[in-house]
Amino acid sequence: MAIVVIKDKCKGCKLCIKACPFGAIDMIGKLAEINEKCTACKQCIPACPFDAIEDTEANAEAVDLSAYKHIWVYAEQRGGKMMNVALELIGEGYRLSREISDDTKVCAVLVGDKVDHLAKECFEYGADAVYLMEDPNLKNFTTDGYTKAMVDACKEYKPEIVIFGATHIGRDLAPRVAARLNTGLTADCTRLDVRVSTYIDYAKKNTTLDTSSLDENDPSTGLKQTRPAFGGNLMATIICPKTRPQMSTVRPGVMQKREPVPGATGEIIKVAVDVKESDIRTKVVEIVKSAKELVSLTDAEIICSGGRGLGDASGFDLIKKLADKVGGVVGSSRAAVDSGWIDHSHQVGQTGTTVKPKIYFACGISGAIQHLAGMQSSDIIVAINKDPDAPIFEVADYGIVGDLYKVIPQIIEEWDNAEKLYDASTK
Ligand SMILES: Cc1cc2nc3c(=O)[nH]c(=O)nc-3n(C[C@H](O)[C@H](O)[C@H](O)COP(=O)(O)OP(=O)(O)OC[C@H]3O[C@@H](n4cnc5c(N)ncnc54)[C@H](O)[C@@H]3O)c2cc1C
């Protein structure tokens, strides 16, 4: 806890209790005591007339930022199979590393047991080096085991930036690692920048972020982490100026993989792992894979999504028919999920999956900002909506104003006709 009450100085006047907006100070006997609700906002410090409250971290030794170097990407694997998001982040790390300096490397961090075969894939997708942490106690992901391994390695090798995929595992692991290293973490970033000039360029073209106080010739390369804030209604850019490493999570599907270079190689650094069974409070007894058919939206090239405009759950039969016809998978808006018409695994958007297919069909979806946040970087967007003023038409490449129950069957029919023509022409 950064904020503490100096017992010898406290007179029990309770002025700090009035000043605290979080109800984070209790009176224990005649002395004030900070409780777990404290957010270290420091409002209580000037409120105390007896200088009895202090921020223990205010005078803490400043971190030597220059001691930290290179970009680490947590190369998430499950059961010896690399997660796609890790390869996307290696691509992003590659871009950022080259912008920082010629001698900054992008390094994949592989944690597990007998996972060294995955290093090849990391190199092919752009990693300059692979930090390999292998141990039988790391065979399956456990929060305790992987946190200890990552924290020990970060302390020893001092990476400047560490990026995780915002998967279930990444979201569990990254905050713990950040807390143990006493550094910050920005979750669910949609954009990362190091060069001020690149950031200004991006912010001016794509967002309403205010860049007026920034100088495009500023040579600093601190990580600028941009993400939606306040329910997706605005974008915020977060920096981590005083501590290292700078840490972010990024959702699958947001960053671009590099074109793989077959046969590419690099340095493998074998990291000594000190994770004992007693360090891990949980035990993986059995791994039961979900019997439910899970949709893989992130990898789909064509997605046909339905929204509240379907009217009821049976509307998804038509969406499925369209998806089957065009070789796509079924997506949905949150309104359809909240109505209980389809499982959350199909949801596209800020609190669902971020997707980037070649073609995205939005059927009966209005185009709320939280939905757009998850699909607007699709290559081609086709919107079907009976309201000509629906916001989805602002991002659509092809907009069809009409009742989806009339439009979709026509698309399917035209597709059939085109297939027949194609078959006839190839006979
Ligand atoms: C913090 C937060 C997170 C959120 N996260 C997400 C998210 O991840 N994903 C998401 O989708 N939403 C999310 N939302 C909800 C979002 O704000 C919208 O409420 C939601 O996207 C609306 O879904 P919809 O477009 O299906 O429904 P509506 O907004 O009700 O739109 C229905 C559309 O269907 C059209 N329509 C009706 N009948 C027909 C017909 N017969 N033929 C053609 N068109 C028709 C209507 O004209 C209308 O435009 C989030 C909200 C919040 C606050």
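Criteria and thresholds
Residues numbered from 1 in each chain as written. Predicted model: local features only at pLDDT ≥ 70, side-chain atom pairs only at ≥ 80, totals over all residues. Helix = DSSP H or I, 4+ residues; strand = E, 2+ residues; numbered from the N terminus. Buried ≥ 20, exposed ≤ 12 C-beta atoms within 10 Å, placed from the backbone. Contact = placed C-beta atoms within 7 Å. Pairing = 2+ DSSP bridges. Axes fitted to C-alpha atoms, helices over the stretch in contact; angles between N-to-C directions. Near = placed C-beta within 6 Å. Nonpolar A, V, L, I, M, F, W, Y, C, P; charged D, E, K, R; others polar. Domains from an automatic or database assignment. Parallel < 35°, antiparallel > 145°, perpendicular 65-115°, else oblique. Left-handed = near helix turned anticlockwise from the far one by under 90°. Core = buried A, V, L, I, M, F, W, Y, C linked by C-beta atoms within 7 Å. Expected span 1.5 Å × (residues − 1).

Peer 1: How should I be thinking about the overall build of the protein in this particular structure?
Peer 2: Check the secondary structure of the protein and you find twelve helices and 21 strands. Each principal axis of the C-alpha distribution contributes one length, and for the protein these read about 90 × 55 × 55 Å. By residue count, 40% of the 427 residues in the protein fall in the buried class. Pairs at least 24 apart in sequence give 65% of the contacts found in the protein among residues at least 6 apart.

Peer 1: What is the right way to read the sheet that holds strand β20 (residues 380-385) from this model?
Peer 2: Here five strands make up an open sheet; going across it, the order is β18-β17-β19-β20-β21 and the pairing parallel. In this open sheet, the two strands that pair with only one neighbour each are β18 (329-332) and β21 (398-401). Ignoring strand direction, the axes of neighbouring strands in this sheet form an average angle of 20 degrees. In this sheet, β20 lies alongside strand β19 (residues 359-363) in parallel orientation, the contact comprising five bridges. Across the sheet, the residue bridging to Y360 is I381, located in β20. This element, helix α8 (residues 315-326), spans β17 (302-306), β18 and β19 of the sheet and lies at about 170 degrees to β17. The strands touched by helix α12 (residues 404-426) within the sheet are β19, β20 and β21, with β20 carrying the most contacts at an inclination of about 135 degrees.

Peer 1: Teacher, can you tell me more about the site of the ligand here?
Peer 2: Around the ligand there are 28 residues in total, and G307, G309, S333, R334 and G349 lie nearest to it. Here the residues of the shell around the ligand are counted per class, giving eight nonpolar, 15 polar and five charged.

Peer 1: In this structure, what is going on with the sheet that holds strand β12 (residues 191-193)? I would like to understand it.
Peer 2: Neighbouring strands of a sheet are bound in pairs by backbone hydrogen bonds; such pairs are parallel or else antiparallel. The three strands lie next to each other as β12-β13-β14, forming an open sheet whose pairing is antiparallel. With partners counted over all chains shown, the strands left at the sheet margins are β12 and β14 (234-238), one partner each. The mean angle between the axes of side-by-side strands here comes to 25 degrees, regardless of whether they run parallel or antiparallel. Sheet analysis places strand β13 (residues 224-229) next to β14, joined by five bridges and oriented antiparallel. Bridge pairing in β14 links T226 to T237.

Peer 1: Is there a simple way to explain the domain arrangement of the protein in this structure?
Peer 2: One widely used convention gives an interface's size as the accessible area the parts lose upon coming together. Its domain assignment divides the protein into domain 1 (3-55), domain 2 (65-279) and domain 3 (302-426). Relative placement of domain 2 and domain 3: their C-alpha centres are 33 Å apart. At the interface, eight residues of domain 2 touch eight residues of domain 3. Of the residues assigned to the side of domain 2 that touches domain 3, the class counts are three nonpolar, four polar and one charged.

Peer 1: What should I look at first to understand unusual backbone geometry in this one?
Peer 2: The phi torsion of most residues other than glycine is negative, and most of the peptide bonds are trans. P245 follows R244 through a cis peptide bond whose omega is -5 degrees. Take P245: it is sitting in the loop between β14 and β15 (246-250). Even without being a glycine, A40 presents a positive backbone phi close to 60 degrees. Examined against the element boundaries, A40 turns out to sit in the loop between β3 (31-34) and α2 (44-47). Assessed through the 13 C-beta atoms surrounding it within 10 Å, A40 is described here as partly exposed. The phi angle at H70 is positive, at roughly 80 degrees, despite the residue not being glycine. As for its position among the elements, H70 is in the loop between β4 (53-55) and β5 (71-74). A tally of 22 C-beta atoms within 10 Å means that H70 is categorised as buried.

Peer 1: I would appreciate a short explanation of the environment of A264 in the present structure.
Peer 2: Along the chain, A264 falls in the loop between β15 and β16 (267-270). Sequence separation between A264 and D152 is 112 residues, and the spatial gap between their C-alpha atoms is 28 Å.

Peer 1: Sorry, what's going on with the packing of helix α5 (residues 143-157) against helix α6 (residues 168-180) here?
Peer 2: Two packed helices can be described by the angle between their axes and the distance between those axes. At a closest axis distance of 9 Å, the pairing of α5 and α6 adopts a crossing angle of 45 degrees. Taken together, α5 and α6 sit at an angle that is classed as oblique. Read as a crossing pair, α5 and α6 show a hand that is right-handed. Here T143, Y146, T147, M150, V151 and C154 of α5 lie close against α6, whose contacting residues are D172, L173, R176, V177 and R180.

Peer 1: Even after reading the chapter, I still don't get the nonpolar core, so can you show me in this structure?
Peer 2: One recurring pattern in soluble globular proteins: nonpolar side chains tend to sit buried together. Of all hydrophobic cores here, the largest spans 58 residues; its most connected members are V73, A75, I90, A108, V109, L110 and C122. For this core, the leading source of residues is helix α3 (residues 84-100), giving eight residues.

Peer 1: Help me understand the environment of Q77, please; the structure alone is not making it clear to me.
Peer 2: Along the polypeptide, Q77 turns up in strand β6 (residues 77-78). In contact with Q77, other than residues within four places in its own chain, are M82, M83, L110, G112, V115 and L118.

Peer 1: Before we go on, may I ask you to explain the pairing of β13 in this structure?
Peer 2: Along a regular strand, successive side chains alternate from one face of the sheet to the other. Note that β12 and β13 share three bridges and pair antiparallel. Within β13, the residue paired with D193 across the bridge is K224.

Peer 1: Looking at this model, I keep getting lost on the packing of α8 against α12. Mind explaining?
Peer 2: Running from amino to carboxyl end, α8 crosses α12 at an angle of 25 degrees, the nearest separation of the two axes being 10 Å. Here α8 lies roughly parallel to α12, going by the angle between them. When the axes of α8 and α12 are compared, the crossing they make is left-handed. Residues L318, K321, L322, K325 and V326 of α8 lie in contact with α12, whose contacting residues are I408, I411, I412 and W415.

Peer 1: Whenever I open this one, α8 confuses me. Can you help?
Peer 2: Because each turn of an α-helix spans 3.6 residues, side chains separated by three or four positions in sequence point in the same direction. With twelve residues, α8 extends 17 Å from end C-alpha to end C-alpha; this agrees with the ideal 16 Å at 1.5 Å per step. Following α8 by one or two positions, G327 has its phi on the positive side, about 75 degrees.

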